[in-house]
Amino acid sequence: MKTPSTGGLALAAAALLLSPAASRTATAAQPAVVHPQLWPQVRPRLPPDPALEREVNTLLHEMTLGQKVGQLIQGDITALTPADLRRYPLGAVLDGGNSKPGGTPLAPPSAWLALANRYYLASMAASHGPHPIPDLWGTDAVHGNNDVYGATIFPQNIGLGAAHDPALMRLIGQATAEEVRAVGLDWTFGPTLAVVSDERWGRTYESYSQDPAIVREYAREIVLGLQGRPGTPQFLDADHVIATPKHFIGDGGTHGVDQGDNTESETRLRDIDGAGYSAAIQAGAQSIMVSFSSWHGVKMVGNYGLLTQVLKGRWHFDGFTVGDWNAQGQLPGCTDASCPQAVNAGLDMFMAPTDWKALYANMLEQVRSGQIPRSRLNDAVRRILRVKLRDRLFTEGPPASRPLAGDFKLLGSPQHRAIARRAVRESLVLLKNQNHLLPLRPDERVLVAGDGANDIPMQCGGWTLTWQGTGTTNRDFPHAESIWQGIAQAVRAAGGKAELNVDGTFEHKPAVAIVVYGEKPYAEFEGDVPNLAFSPGNDRDLKLLQRLRAQGIPVVSVFLSGRPLWVNPELNASNAFVAAWLPGSEGGGVADVLLRKPDGAIRYGFRGKLSFAWPRTPIQFGTDTPGKPLFPVGYGLRDGSNGNLPKLPEASGLPSAATVDNNVFFTAGRTGSGWHWAVADDAGATALPRGIGASYSKRLTVTTTDKARQEDARLLHWSGTGQATAQITGATAINLTRQTNGQMALGFDYRVEDAPSAPVTVGMACGASCGGTVAITQALRAAPRNRWQHLDIPLSCFAAAGENMRRVVTPFTLQTTGKLTLGLANIRIESGAAHPLPCG
């Protein structure tokens with residue numbers, strides 16, 4: 001869909017997509033200079049409102065300096081209490097991916113509404129003087145109100161892109177807005193408008209497409225659904241929420257590295273990466289989130305040319321910009337608690353989840369000293385006030401008094417689930433259909449297998465109840481239906497027999513097997529991968545397909561993934577192959593398309609088409625890599641079409657050298673890839689063989705023990721005769737700065753057999769004389785004997801203690817001089833720690 005001011009851009013974008021010779025990057029010598037005159041003029045479709053602007057001016061004149069500075073800061077609900085908000089006039093709060101009322105991912109909707117009400121009342125307290133400013137609460141409602149228990153979970157964006165249905169996006173936006181409003185919130189951090197050029201990126205599933213035309217069309221419709229149409233009474237009324245297109249700009253072009261550097265030319269940044277933003281601004285988007293990423297080495301939160309000259313100048317955006325989680329701390333010369341450079345570049349609101357208090361104090365001083373000009377402060381506040389007035393925050397009253405508040409029947413309502421189920425049906429892409437196997441007759445014996453068949457968290461993916469989408473079960477989704485449940489219901493209703501066995505075994509030979517498998521949930525940088533090979537080193541799913549085929553059973557693969565992946569062996573082993581993406585809570589939508597009606601007629605049929613090209617090799621990364629893909633954008637078989645494929649080459653061509661695991665250091669009795677156990681004392685360090693029986697130090701012995709299965713843990717015994725260290729180390733340093741900023745932790749299971757007689761520390765090291773340690777003596781002494789426990793230590797503790805998180809060579813050390821006998825298992829980086837060990 002072309003808009004009057006972007007029609008020329010659409011042609012340029014199409015030419016860039018079609019031409020392999022198109023300029024992708026600027027030369028290495030070319031500085032990151034923005035040329036605003038090369039960017040088109042964009043006019044938001046919001047009618048002039050002189051009365052609103054007069055009200056903004058009046059409020060701005062009445063506000064104290066402290067109130068103005070406070071409006072530029074947003075704190076997280078885990079570190080900012082309503083009592084804090086009574087004292088500090090902050091402009092907004094947020095709930096991060098693992099932040100929930102009461103600290104549980106299953107907080108009831110009533111807890112959300114009650115907390116929203118408390119924050120609002122605190123922001124309007126008399127302590128703020130005669131002119132208090134109501135707060136905003138921002139949430140990552142990115143595929144439904146996905147942080148809230150019982151909400152409808154829509155397919156992730158990559159699946160919606162495959163539906164090629166812009167009108168559906170408006171319905172999804174409206175339904176999402178209603179479910180957000182039901183719990184008292186008024187601002188969502190979405191939609192994501194990245195145009196991804198390299199699917200190794202862990203946020204690929206948050207993108208609609210690699211085709212900017214699709215992103216442009218969807219941007220307009222989803223913003224209209226979330227906010228309502230500008231110029232009408234419905235715009236930002238009680239049924240709608242503030243939308244936040246993100247992450248401005250170029251986050252999808254960082255060569256597969258989350259929070260990385262985009263080295264594209266300015267032309268491509270404008271025409272490809274910027275396609276969705278111009279459409280969203282024309283549709284009335286009121287806030288825009290600025291990316292963690294860089295353009296030619298300049299972090300976006302500090303890019304004056306793009307934030308001020310382009311976004312606010314050429315594009316006439318009159319809402320406010322908000323940073324990502326502590327993104328200001330990545331700007332050279334800044335910290336999480338101090339960054340006047342970002343404000344001066346055009347950032348209007350900091351997302352400062354935990355350091356908000358220090359940031360507030362520093363900004364006050366920076367304004368007083370002139371580091372932040374008063375004019376720039378007033379401009380940022382003016383933008384925030386303008387949006388708050390448009391959102392009716394000054395007149396709607398407390399969240400609990402608003403029209404949809406407390407109507408919890410909207411969460412997972414039949415109407416919203418019907419929209420989500422339609423979205424699932426339209427998103428399914430049929431890649432192979434040998435001898436017209438699909439759709440299946442439902443009145444036969446059907447085996448359903450694979451670890452994704454009856455796993456609702458897996459079919460939903462990341463950003464679902466928790467940041468990574470992990471740590472939950474089917475019981476945590478009261479209104480959802482697994483893919484197995486949808487198939488079983490349809491088959492049994494037609495008189496057929498449905499049997500579920502994850503491992504593919506069966507009591508009676510089936511007429512067909514449906515195997516559901518794919519990627520496990522992940523989010524952001526945790527999903528970055530070195531290549532597009534599916535499950536390298538683990539052929540369990542492939543062997544399951546091959547075993548069923550060897551028994552003469554036709555096999556249908558239903559592949560769950562957040563990106564297209566190289567699956568040639570799995571395609572060869574399947575009679576039919578369906579890319580189901582991450583369909584969300586409505587698994588029944590898969591059955592709607594896989595199975596015919598009881599009378600044999602086609603129920604819905606396949607209509608999904610790829611919005612990303614499917615790779616021919618594991619190193620074909622979208623538009624970043626030249627060559628013909630296996631399946632191009634727009635590919636998708638229809639019912640009745642010839643769906644046979646020739647046998648595909650199965651050699652990956654990847655080197656056999658192991659990669660270094662950034663997250664798992666020891667599990668199931670083995671160290672993660674690239675790591676090994678070692679013991680160290682005054683005599684030096686000794687690496688331990690993988691299948692150790694005992695170590696080689698008189699001060700410390702390391703043997704195997706059992707936790708969940710045989711020899712899946714290690715038993716460490718210190719003799720008390722001098723200092724000794726057990727450690728997991730490697731030859732290659734890893735960068736854990738993103739994990740540290742993401743408030744992740746080093747977690748491990750432990751079992752105390754003999755309590756420590758001397759202080760014990762856990763540490764990380766960046767070299768022989770570089771590292772940081774945290775004392776765990778009291779935790780070990782307080783632990784019950786001979787019972788497995790779990791401990792999480794925030795990565796920020798190691799950073800504060802001196803570890804260089806950019807080059808961690810030894811991610812785990814355990815040291816004492818006294819006696820101690822301790823079991824250890826499952827040492828890894830974790831998110832969502834419920835009760836982390838305090839740093840002090």
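Sequence order as written defines the numbering, with residues in each chain counted from 1. Totals for whole chains, interfaces and linings use every residue, but because this is a predicted model, local features are given only for residues with pLDDT of at least 70 and side-chain atom pairs only at 80 or more, for both listing and counting. Note that water and hydrogens are dropped before the side-chain values are worked out from all heavy atoms of the structure.

S.K.: Can you break down the overall build of the protein residue by residue, with the values?
M.R.: In terms of regular secondary structure, the protein is built from 24 helices and 29 strands. Restricting the calculation to C-alpha atoms gives the radius of gyration, and the globule rule supplies 2.2 Å times the number of residues raised to the power 0.38. For the protein, whose C-alpha radius of gyration is 27 Å, the value lies close to the compact-globule estimate of 28 Å for 840 residues. A principal-axis box enclosing the C-alpha atoms of the protein has dimensions of 75 × 75 × 55 Å. Here's how the labels work: a residue is buried when its accessible area is under 20% of the maximum for its type, exposed when over 50%, partly exposed in between, all with a 1.4 Å probe on protein chains only. Split into buried and exposed, the 840 residues of the protein put 62% on the buried side. Every residue pair with non-hydrogen atoms within 4.5 Å of one another is taken to be in contact. A sequence separation of at least 24 residues applies to 78% of the contacts in the protein between residues at least 6 apart. Using a 1.4 Å probe, the Shrake-Rupley method yields the accessible areas, and only the shown protein chains count as cover for residues. For the protein, the computed accessible surface area is about 29,300 Å², with 52% contributed by carbon and sulfur atoms. The helix count covers DSSP runs of H or I at least four residues long, the strand count covers runs of E at least two residues long, and both are numbered beginning at the N terminus.

S.K.: Please set out the pairing of strand β26 (residues 770–775) residue by residue, giving values where relevant.
M.R.: A one-sided burial pattern is seen for β26, the buried positions being C770, G772 and V774 and the unburied ones G771, T773 and A775. As paired strands, strand β25 (residues 760–767) and β26 are joined by six bridges and run antiparallel to one another. In the strand pairing of β26, V762 is matched with V774. Two strands pair if DSSP finds at least two bridges between them. Linkage of β25 to β26, two consecutive antiparallel strands, is achieved through a turn of two residues.

S.K.: Outline the packing of aromatic side chains, supporting the account with residue identities and numerical values.
M.R.: Think of it this way: a Phe, Tyr or Trp ring, Trp meaning its six-membered ring, pairs with another when their centres are within 6.5 Å, and the plane angle makes it stacked under 30 degrees, edge-to-face over 60, tilted otherwise. In the structure shown here, the tally under the stated rule is 25 aromatic pairs. Judged by centre distance (5.0 Å) and plane angle (90°), the rings of F534 and F559 are edge-to-face. Placement of F534 in the loop between β14 (512–518) and α19 (540–550) and of F559 in strand β15 (residues 555–560) is noted, with a sequence separation of 25 residues between them. The same class applies to F534 as to F559, namely buried. Look at F577 and W614: their rings are 6.5 Å apart centre to centre, the planes differ by 80°, and that puts the pair in the edge-to-face class. Taken together, the positions of F577 in strand β16 (residues 576–581) and W614 in the loop between α21 (588–594) and β17 (664–667) put the pair 37 residues apart, joining distant regions of the chain. Here the two residues F577 and W614 agree in accessibility, since each one is buried. By the ring-pair criterion, three or more aromatic residues cluster together here, those being Y517, F534, F559, F577, W581 and W614. Our definition puts a charge over a ring when NZ of Lys or CZ of Arg is within 6 Å of the ring centre and also within 35 degrees of the ring normal. Lying across the ring of Y120, R402 places its NZ or CZ 5.6 Å from the centre. Note that K707 overlies the ring of W788, its terminal NZ or CZ placed 5.8 Å from the centroid.

S.K.: So what about helix α11 (residues 304–314)? Which residues, and what values?
M.R.: An α-helix turns once per 3.6 residues; consequently, residues spaced three or four apart project the same way. Inspection of α11 places G305, L306, L307, V310, L311 and K312 among the buried residues, and these make up the whole buried set. Side-chain atoms alone can form a polar contact between residues adjacent in sequence; in general such a contact is a pair of N or O atoms within 3.5 Å, and within protein one must be able to donate a hydrogen while the other accepts it. Two to three positions downstream of the cap, the backbone nitrogen of G305 sits 3.3 Å from a side-chain oxygen, assigning the N-cap of α11 to N303. Positive backbone phi, approximately 55°, marks H316, located one or two places after α11.

S.K.: Could you give me a rundown of the sheet that holds strand β7 (residues 294–295), with the residues and numbers involved?
M.R.: Here three strands make up an open sheet; going across it, the order is β5-β7-β8 and the pairing mixed. The two strands at the open ends of the sheet, each matched to only one other strand, are β5 (261–262) and β8 (298–299). Here two bridges tie β7 to β8, and the two strands are oriented antiparallel to one another. Along β8, the bridge assignment pairs S294 with K299.

S.K.: Any chance you could break down the nonpolar core for me, citing the residues and the numbers?
M.R.: We call a set of buried residues a nonpolar core when its members are Ala, Val, Leu, Ile, Met, Phe, Trp, Tyr or Cys and they connect through side-chain atoms within 4.5 Å of each other. Core analysis: the largest hydrophobic core is formed by 118 residues, its most contacted members being W137, W187, Y208, F248, L306 and W315. If one sorts the elements of this core by residue count, helix α8 (residues 212–227) sits on top with eight residues. With sequence-adjacent residues up to four places away left out, F248 is seen in contact with Y277, I288, M289, V290, S291, M300, L306, L307, L311 and W315. Judged by nonpolar contacts, the second largest core, of 85 residues, contains L542, F665, W677 and L780.

S.K.: Quick rundown of the side chain of T472? Include the residues and the values.
M.R.: Positionally, T472 belongs in the loop between α17 (456–460) and α18 (483–493). Ignoring anything within four residues of it in the chain, the contact list for T472 reads P457, L465, T466 and F477.

S.K.: Quick one: what's the story with the confidence of the model for the protein, residue by residue and with numbers?
M.R.: Confidence in the prediction for the protein averages 92 pLDDT; 94% of positions are at 70 or higher. Ignoring residues within four places in sequence, the model shows residues 1–29, a span with pLDDT below 50, making 51 contacts including any to other chains. Each residue carries a pLDDT score, the predictor's confidence in it, ranging from 0 to 100.

S.K.: Break down the state of the cysteines for me, with residues and values.
M.R.: Cysteine sulfur atoms that come within 2.5 Å of each other are treated as a disulfide pair. With the rule as written, the count across this model stands at three disulfides. Paired through a disulfide, C766 and C770 show a sulfur-sulfur distance of 1.7 Å. Handedness of the C766-C770 disulfide follows from its S-S torsion of about -80°: it is left-handed. Assigned by exposure class, C766 and C770 land together as buried. Two residues share a disulfide in this structure: C797 and C839, whose sulfurs sit 1.8 Å from each other.

S.K.: Residue-level account of the sheet that holds β14, with values.
M.R.: Reading across from one edge, β11-β16-β15-β14-β12-β13 is the order of the six strands in this open sheet, with mixed pairing throughout. Only two strands of the sheet have a single neighbouring strand rather than two, namely β11 (429–433) and β13 (497–500). Across the sheet, the mean angle from the axis of one strand to that of its neighbour is 20°, orientation sign disregarded. Where β15 and β16 come together, five bridges link them in parallel fashion. Following the sheet pairing, V556 is matched in β16 by A576. On top of the sheet, α18 reaches β12 (445–449), β13, β14 and β15; it is set at about 160° to β13, its chief contact. Axis geometry follows a simple rule: fit a line to the C-alpha atoms, using only the stretch in contact for helices, then measure angles between N-to-C directions, giving values from 0 to 180 degrees.

S.K.: Any chance you could break down the side chain of E499 for me, citing the residues and the numbers?
M.R.: In this structure, E499 sits in strand β13. As a buried residue without a salt bridge, E499 has its nearest oppositely charged side chain in R445, at a separation of 5.2 Å. One polar contact links E499 to N501, side chain to side chain, over a distance of 2.9 Å. Leave out the neighbours within four places in its chain, and E499 touches V446, L447, V448, W484, T505, F506, E507 and H508. Just so you know, the count uses Lys and Arg for positive and Asp and Glu for negative, and it drops His and the chain ends. The term salt bridge refers to a side-chain nitrogen of Lys or Arg lying within 4 Å of a carboxyl oxygen of Asp or Glu.

S.K.: Would you mind going over the pattern of salt bridges in detail, with residue names and values included?
M.R.: One pass over the full model with this rule turns up 36 salt bridges. Notably, a salt bridge pairs R402 with E396, separated by 3.5 Å at the nearest N-O pair. Its relative accessible area of 15% is what places E396 among the buried residues. In this structure, a network of salt bridges that share partners links the residues R181, D186, D391, E396 and R402.

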